[in-house]
Amino acid sequence: MKRLTMKDVHAMNMTELALNQVSVENGQAWYLLNPPEDACRIEDLIRKAAETLDVELEAGMTDEDLGEVMLDWLQFGEKEPEGVLAIFYRALWAMAEVRERLKLYEDAMPLERSQELAKAEKEGRLVVLPFCVGVPLYEATGKGVWEYQVEQFSIGSKDLFIQAVDKGIWYKGGRIFGPEQIGKTVFPTRREAEAALETRMGAINEA
C-alpha cells in the first residue's frame, strides 16, 4: 500500500492527483486547479465559480463572511446555483481537513512501520501494554488502597504480567500483578481503586 498524501504533483497519476487536489497550507485550504503549479485558495475558487454561474456575491466580502454565506446557502441544495456553490465549498473544505489529518498520521507513522505492526498483530506478536513504565497503579486490598509504580512487564506463557514497586510506608518491595487483576483489584487511578474497594466492602456488609 502506497502513501496517499503527496506533494510532488509531477510524480502523481490521475488518482493520486484527485486525492491531493486540496491541501492545507498555513491554515488556508488550497485547490489544485491545473497541475503542477496553478493553485488557488478555496475561497477564491468559489468566487470564480460564482461568476461562472452568474451568482452575485457582495463586493469586498471577507473569507469569513463568505463562509457564513455558504453556510446559509446550503438551504438551497442542488436545486439552485447558490446551493451548488455551498455544497462545493463544504466538500472542498472537508476534503482539505481529512487530507491534512491523514498527512499528519502518515508523517508520524511511516507506511512501512504501520505494515509491520499490522503483520505483527495478525501473527499474534503485538502486545498492548495496560500501563506505561514509571506510572503509578493502585491496588484495592482489605487494608485499603496501596500505591505502586510500574517498573517493567514480563510475559509468561501467553499472559502479560506487571512488575511494580510498592510506594506505601508499610511495605517496601516488589509485586507482580497478573492480567486477571487489572480492572478488578488493580487500577490506573486511586479513585477507581477506592470505588472498587467501597463496592466490595458494601457487598461484604450486606452478606
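No experiment lies behind these values; they were computed from the predicted model shown. (Residues numbered from 1 in each chain as written. Predicted model: local features only at pLDDT ≥ 70, side-chain atom pairs only at ≥ 80, totals over all residues. Heavy atoms only, no water.)

Undergrad: Help me out: how do you make sense of the side chain of E139 in this one?
TA: Within the secondary structure, E139 is located in strand β4 (residues 136-141). Only 3.1 Å separates the side chain of E139 from the side chain of Y148, close enough to count as a polar contact. Ignoring anything within four residues of it in the chain, the contact list for E139 reads G144, V145, W146, Y148, R175, F177, Q181, T185 and V186. (Helix = DSSP H or I, 4+ residues; strand = E, 2+ residues; numbered from the N terminus. Polar contact = N/O pair within 3.5 Å; in protein donor to acceptor, adjacent residues only side chain to side chain. Contact = heavy atoms within 4.5 Å.)

Undergrad: Can you walk me through the pattern of salt bridges in this structure?
TA: Once the charged atoms of two side chains with opposite charge are near each other, the side chains can pair. For the coordinates displayed, the defined rule picks out 11 salt bridges. With its nearest N and O atoms 3.2 Å apart, the salt bridge here joins E139 to R175. Placement of E139 in strand β4 and of R175 in strand β7 (residues 174-177) is noted, with a sequence separation of 36 residues between them. When salt bridges with common partners are traced through the structure, they connect R41, E43, D44, R47 and D63 into a single cluster. (Salt bridge = Lys/Arg side-chain N within 4 Å of Asp/Glu carboxyl O.)

Undergrad: Is there a simple way to think about the environment of V127 in this case?
TA: As for its position among the elements, V127 is in the loop between α5 (111-122) and β4. Residues V127 and I155, spaced 28 residues apart in sequence, show a C-alpha to C-alpha distance of 9.9 Å. The residues touching V127, leaving out its near neighbours within four places in the chain, are I155 and L160.

In short, shape yes, function no, at least from these values alone.
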